[in-house]
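Each chain is listed here by its residues.
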Amino acid sequence: MAAGFRVLVAGKVHEAGLALLRSRPGITVDLVEAVTKEAYVPHLPEADAILIRTQPMTAAEIAMAPRLKIVSRHGVGYDAVDVATLNARRIPLAIVGDVNSRAVAEHTLMLMLSAARRTVAHHLAATQGNWNERNRFDALELDGKRLLILGFGRIGRRVGELAKAFGMTVAAFDPFVTPEQMAAAGAEPEPDMPKALAKADYVTVHMPGGQGAVIGSAELAHMKPDAIIINAARGGVVDELALDAALRTRRLRAAALDVLVQEPPDPAHPLLSNPYVTISPHNAGLTAECAMRMSLAAAQNILDCFDGKLNPKLVVNAAAIA
């Protein structure tokens, strides 16, 4: 590996990845822990590589980095990165691969249970002296219920495995996965999403972002009034205002979200005051174990790029820059 590379780490990551980068001779690491675009921009002119969390990286930021050789995402999503601009300069965009599917799947089940059992509301009631909240009998079970998984990739399949342990019937919709593959993974194939939504007691979304709302007013209208929806995929995949309206008019029982379009959200966002919503701060994959795996994998992608041996299976734009 040639000497004299400067790596910009934009966002707080596990120390293991930083240690890996710093262990290589000739590498200088610039760490900017604030997860904002404004915080990392001043370091772009000297960056040979960028390890980035969830901040936007548009054509303007890429243009400010003339030495840039690789963008390494601390995760698997990349809808906030201008891939076309990277393609024009033949810069690889690397992701970490399958290091977070188990953590996100566990978090999805946690959100599902929290919404069904009204965990947050019951915690507040119990700690504020309202013990009789228990007598509302408004908690639901997972056992015997039908779960529809929208997006049957690694995370969706793991969610299905965990849901079966709770006694759920698992169905899946994914136009890129064959019915045979779904059946082999223990899920009932659902080729028609509106019909599948109408049958589901729980719906969990694991589709990529950048395509607009997959679940909007029309889709929500197909769901049962007692249904619960979970989004641990990307903000915007579920239309937030339509969801808020469906919940407040009791067209939908509850929702649990790990992602929002704007993060952190505006304090005036209606979902923040919606009593039927459980929200976590986009931390589904941020367990201690997963944070270490992501940090190491993202750092290793940078080192492999410098060494000329970056795994093309981890480069989302490999075909475009070949």
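Here is what the cut-offs are and how they apply
Residues numbered from 1 in each chain as written. Predicted model: local features only at pLDDT ≥ 70, side-chain atom pairs only at ≥ 80, totals over all residues. Heavy atoms only, no water. Axes fitted to C-alpha atoms, helices over the stretch in contact; angles between N-to-C directions. Helix = DSSP H or I, 4+ residues; strand = E, 2+ residues; numbered from the N terminus. Parallel < 35°, antiparallel > 145°, perpendicular 65-115°, else oblique. Left-handed = near helix turned anticlockwise from the far one by under 90°. Contact = heavy atoms within 4.5 Å. Phe/Tyr/Trp six-rings, centres within 6.5 Å; stacked < 30°, edge-to-face > 60°. Buried < 20%, exposed > 50% of the residue type's maximum accessible area, 1.4 Å probe, protein only. Pairing = 2+ DSSP bridges. Polar contact = N/O pair within 3.5 Å; in protein donor to acceptor, adjacent residues only side chain to side chain.

What to know about the packing of helix α1 (residues 15-22) against helix α12 (residues 288-307)
Relative placement of two packed helices is described by the angle separating their axes and the distance separating the axes.
Stage number 1. One can describe the packing of α1 onto α12 by two numbers: an axis separation of 7 Å at closest approach and a directional angle of 25 degrees. Here α1 lies roughly parallel to α12, going by the angle between them. Considering only the axes of α1 and α12, their crossing is right-handed. Contacts between α1 and α12 involve Ala16, Gly17, Leu18, Leu20 and Leu21 on the former and, on the latter, Met292, Ser295, Leu296, Ala299, Gln300, Ile302 and Leu303.

Notes on the packing of aromatic side chains
Centre distance and the angle of the planes are the two values used to describe a pair of aromatic rings.
Stage number 1. Scanning all chains against the criterion turns up 1 aromatic pair.
Stage number 2. Relative to Phe306, the ring of Phe5 lies with its centre 3.9 Å away and its plane at 15 degrees, an arrangement referred to as stacked. One end of the pair, Phe5, is in strand β1 (residues 5-10); the other, Phe306, is in helix α12, with 301 residues separating them in the sequence. Taken individually, Phe5 and Phe306 each receive the classification buried, so the pair is uniform in this respect.

A few points about the sheet that holds strand β6 (residues 146-150)
Stage number 1. The strand order β8-β7-β6-β9-β10-β11-β12 describes an open sheet built from 7 strands, whose pairing is parallel. Only two strands of the sheet have a single neighbouring strand rather than two, namely β8 (188-189) and β12 (277-279).
Stage number 2. Both β6 and strand β9 (residues 202-205) contribute to a ladder of 4 bridges, which runs parallel. Within the sheet, the bridge partner assigned to Leu147 lies in β9 and is Tyr202.

Here's the deal with helix α11 (residues 240-248)
Stage number 1. By the burial criterion, the buried members of α11 are Glu240, Ala242, Leu243, Asp244, Ala246 and Leu247.
Stage number 2. On its buried side, α11 packs onto α10 (217-222), β10 (228-231), β11 (254-257) and β12.
Stage number 3. At the N-terminal end of α11, a side-chain oxygen is found 3.1 Å from the backbone nitrogen of Leu241, two or three residues along, and the residue is Asp239.
Stage number 4. Within two residues after α11, Arg250 carries a phi angle of roughly 60 degrees, on the positive side.

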